[in-house]
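Tertiary structure, described
As a plain string of letters, each chain reads:
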Amino acid sequence: MTYAITQTCCNDATCVAVCPVNCIHPAPEERAFGSTEMLHIDPRACIDCGACADACPVDAIFPVDSLTGGQREYAEINAAYYADAEPPAAEAEGPNFHVWGEPAFERSLPSDFGPLRVAVVGTGPAGMYAAQDLLLHTAAEVTLIDRLPVAGGLVRYGVAPDHPATKKVGDAFSRFHSHPRVRMHLGIEVGRDVTAEELSAHHDAVVYAVGASTDKRLGVPGEERPGCLSATAFVAWYNAHPEAVAQGPDLSAERVVVVGNGNVALDVARILVADPEALAATDIAAHALDALRASRVREVVVLGRRGPEDAAYTRSELLALKHLPGVELVVDDHDPRTAAAIDAAGPGDRAGDLRGLARVRTAARPPVRGEGAAARRRIVLRFHSEAVEVLGGDDDDGDGDGGGGGGDVRSVRVTDGGGDGTADLSAGLLLRAIGYRGLPVAGLPFDEAKGTVPHEGGRIAGMPGSYVVGWIKRGPSGGIGANRACAAETVGTLLADAVAGTLPAPAGDAKAFRRLVRQRNRRVVDARGLAAIDRAERERGRAAGRPRVKLATVEELVATARSRRLLRPVR
């Protein structure tokens, strides 16, 4: 028997480090690492020890004979990755099953290397991988800072609620929240409560992990209508982000158009048509669950500007859509290039995963409700199509000017048929999911064109002792696990600077910084307050038969944190 890596693979390569027979690839030192969607286990070499499954932070690794339903496909996906590869060579002498490369030690700290005091701004995966690296491999004291009064970042507010295994990486990070060398100040924003200069004045180094919090625009007429939202805002709404508008989008129309075909586009499409009672078993926001139960949405059309061979989603996210209960996944064949690409795709090609799906021509209006198959909800993948205009109820003449574009969305005009033609698809909501973009941080340099902070190996240009990690460093690319290698590079640069003696000496200590923070913001949440929030949300979840019910406003989060109430254990 062998093990297989499945859909929720986060690519952080923790499994690679514990494999005794070197059968998981691509490894971090290999060229393909970071460019593949997931890691793969070689079935010819796996010895069924289970070390990788024990180490996986997102429960993505299982014995092949335990896979059920759509997960069975991952046994073939893992094996196919090695189909054309040479069998692993055995070591001529010694106990190893495989030939291993020479060990490399990229960091070398002197024996008298003293503890550093490092601030990490942002408690999402990028920031926590950096904090983890510092805490596990040095004697550093780490100050965790976040502008929200609760930790988690992308794991809490970006991962879809029906991906609970992916959220488990947060459990690995949360063990560091109460680490004896960690001090936590949540609800503190750089530029509002403290300056970048003040942060640096109280720490040996500062690592900024603030992500890419805004979205890209379509730049088409009518985009400013109330029914045009970013996928970022929609994800924040269903994940109970405290800055999201609780009333959410209008879901009274039967069709929604999603522009973009990356993983976020598939996430929002899936949530819109999933069975609300299945979502009730997740940590989805209570207000979103109520809205989805009352939703009239039956069809989501996902627009991709290019063909199926160039789709931005990962193969694992597409395969998950194929097995979504009560939802039909179909391909729009308005453009002959789509069918040609699917039919010509070879084994393992991205377009080939669409083979076998029904091909339809998207009508101006969604299909009429019916019984049986006609009553099912569906997701339509429409390639070679762009949104060119958003029309509203005030566009009686169809010219799209809409008197300033203030009316609700009535339809979306899209390119059609592979030429210069267009078609109007009735829709009550348009979600743009065409990418994220970083925002400037007060006191730091910023590259407007790239939406990132200029850096060299993570070191901020012109600011000794200040560093970046994650999307604000490299742009919005890579999933959760990609931040592990990114953080390792930044922390390596930081430690090299410390050894070289180029870090500016801080003027204030940890106590002085704590006093400064408390003076500026009386609603700061610390580790005990965060634990109180976690207890309260889990207790609310138990009462509702759910894993947790999130507190959805800043006021609720702060009040719960300040209460620090002790809940009796549930027996």
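Quick summary incoming for the structure in this document. (Residues numbered from 1 in each chain as written. Predicted model: local features only at pLDDT ≥ 70, side-chain atom pairs only at ≥ 80, totals over all residues. Heavy atoms only, no water.)

**Overview of the overall build of the protein chain**
The secondary structure content of the protein chain amounts to 20 helices and 23 strands. Each of the three principal axes of the protein chain carries a C-alpha extent, and together these read 75 × 65 × 55 Å. Put simply, of all contacts in the protein chain between residues at least 6 apart along the chain, 76% involve residues at least 24 apart. Per element, the accessible surface of the protein chain, about 25,400 Å² overall, is 51% carbon and sulfur. When the 65 basic and 75 acidic side-chain charges of the protein chain are each reduced to a single mean position, those positions are 7 Å apart. (Helix = DSSP H or I, 4+ residues; strand = E, 2+ residues; numbered from the N terminus. Contact = heavy atoms within 4.5 Å. Areas by Shrake-Rupley, 256 points an atom, 1.4 Å probe, with all protein chains shown as cover. Lys, Arg positive; Asp, Glu negative; His and termini not counted. Charge placed at Lys NZ, Arg CZ, Asp CG, Glu CD.)

**Some details on the pairing of strand β6 (residues 141-146)**
Across the six residues of β6, five count as buried, placing the element largely inside the fold. Two elements, strand β5 (residues 117-121) and β6, share five bridges in a ladder whose sense is parallel. If you follow Val-121 over to β6, its bridge partner there is Ile-145. In this view, the connection linking β5 to its parallel neighbour β6 by way of helix α4 (residues 125-137) has right-handed handedness. (Buried < 20%, exposed > 50% of the residue type's maximum accessible area, 1.4 Å probe, protein only. Pairing = 2+ DSSP bridges. Right-handed = clockwise from strand over helix to strand, strands pointing away.)

**Some words on the sheet that holds strand β11 (residues 255-259)**
Pairing is parallel across the open sheet formed by seven strands, whose spatial order is β10-β19-β11-β12-β15-β13-β14. If you trace the sheet from one side to the other, it starts and ends with β10 (228-230) and β14 (358-360), each paired once. Direction aside, the axes of adjacent strands within the sheet are offset by 25° on average. One ladder, built from five bridges, connects strand β13 (residues 327-332) with strand β15 (residues 377-382); its direction is parallel. Of the residues in β15, the one forming a bridge with Leu-329 is Ile-379. Strands in contact with helix α10 (residues 263-273) are β11, β12 (299-303), β13, β15 and β19 (429-432); relative to β15, the strand with the most contacts, it is inclined by about 160°. (Axes fitted to C-alpha atoms, helices over the stretch in contact; angles between N-to-C directions.)

**Section: the packing of aromatic side chains**
Any pair of aromatic rings gets described here by the distance separating the centres and the angle formed by the planes. Following the criterion strictly, the structure yields five aromatic pairs and no others. Following the ring pairs from residue to residue traces out a cluster consisting of Phe-234, Trp-237 and Tyr-238. (Phe/Tyr/Trp six-rings, centres within 6.5 Å; stacked < 30°, edge-to-face > 60°.)

**Quick notes on the state of the cysteines**
Applying the stated rule across the entire model yields zero disulfides. Free cysteine Cys-52: the closest other cysteine sulfur is in Cys-49, separated by 6.1 Å. Among the residues examined, Cys-52 registers a relative accessible area of 8% and is labelled buried. (Disulfide = S-S within 2.5 Å.)

**Thoughts on the side chain of Asn-261**
Tracing the backbone through its elements, the reader meets Asn-261 in the loop between β11 and α10. By relative accessible area, Asn-261 is classed as buried at 12%. Here the side chain of Asn-261 touches Ala-312 through a polar contact of 3.4 Å, landing on its backbone nitrogen. (Polar contact = N/O pair within 3.5 Å; in protein donor to acceptor, adjacent residues only side chain to side chain.)

**Some words on the environment of Leu-279**
Within the element layout of this structure, Leu-279 appears in helix α11 (residues 276-279). Judged by its relative accessible area of 2%, Leu-279 falls in the buried class. Residues Leu-279 and Asp-162, spaced 117 residues apart in sequence, show a C-alpha to C-alpha distance of 6.5 Å. Not counting the four nearest positions on each side in its chain, Leu-279 is found in contact with Asp-162, Ile-271, Ala-274, Ile-284, Leu-289 and Leu-292.

**Description of the environment of Leu-218**
Looking at where Leu-218 falls in the secondary structure, it is placed in the loop between β9 (214-215) and β10. Separated by 162 residues in sequence, Leu-218 and Val-380 place their C-alpha atoms 20 Å apart. Those residues in contact with Leu-218, other than ones at most four positions away along the chain, are Glu-223, Val-259, Leu-430, Arg-432 and Ile-434.

**Quick look at the packing of helix α9 (residues 231-238) against α10**
Contact geometry for α9 and α10: axes closest at 10 Å, N-to-C directions at 50°. By the angle class used here, α9 and α10 are oblique. Between α9 and α10 the crossing geometry is left-handed. Within the contact between the two elements, α9 uses Ala-231, Phe-234, Val-235 and Tyr-238 and α10 uses Val-264, Asp-267, Val-268, Ile-271 and Leu-272. Grouping the constituent residues of the contact of α9 with α10 by class yields eight nonpolar, no polar and one charged. (Parallel < 35°, antiparallel > 145°, perpendicular 65-115°, else oblique. Left-handed = near helix turned anticlockwise from the far one by under 90°. Nonpolar A, V, L, I, M, F, W, Y, C, P; charged D, E, K, R; others polar.)

**What to know about unusual backbone geometry**
Note: most peptide bonds trans; most residues except glycine with negative phi. For the bond from His-25 to Pro-26, the omega torsion is 0°, close enough to zero to count as cis. Tracing the sequence through the fold places Pro-26 in the loop between β2 (24-25) and β3 (40-41). The backbone of His-384 sits at a positive phi, close to 50°, despite the residue not being glycine. Following the sequence through the fold, His-384 ends up in the loop between β15 and β16 (387-392).

**Describing the nonpolar core**
Membership of the largest hydrophobic core comes to 70 residues, with the highest contact counts inside it found for Ile-24, Leu-39 and Ile-41. Among the elements that line this core, the one with the most residues is α4, at seven residues. Dropping the residues within four chain positions of it, Leu-39 is found in contact with Ile-5, Cys-9, Asn-11, Ala-13, Cys-15, Val-16, Ile-24, His-25, Pro-26, Phe-33 and Asn-78. If you look at the next biggest cluster of nonpolar residues, it comprises 46 residues, including Leu-251, Leu-289, Leu-318 and Leu-381. (Core = buried A, V, L, I, M, F, W, Y, C linked by side-chain atoms within 4.5 Å.)

**A closer look at the pattern of salt bridges**
On inspection of all chains with the given rule, the structure shows 38 salt bridges. A salt bridge links Glu-37 to Arg-350, with the nearest nitrogen and oxygen atoms 2.8 Å apart. Here Arg-350 lies in the loop between α14 (336-344) and β14 and Glu-37 lies in the loop between β2 and β3, a separation of 313 residues in the sequence. Residue class for Arg-350 comes out partly exposed when judged on its relative accessible area of 27%. A salt bridge links Arg-378 to Glu-299, with the shortest nitrogen-to-oxygen separation between them at 2.5 Å. (Salt bridge = Lys/Arg side-chain N within 4 Å of Asp/Glu carboxyl O.)

**What about the side chain of His-384?**
We classify His-384 as buried; its relative accessible area is 14%. Setting aside residues no more than four positions away along its own chain, His-384 makes contact with Gly-304, Arg-305, Arg-306, Gly-307, Pro-308, His-334, Asp-335, Arg-337, Thr-338 and Thr-415.

In short, geometric facts, not functional conclusions.
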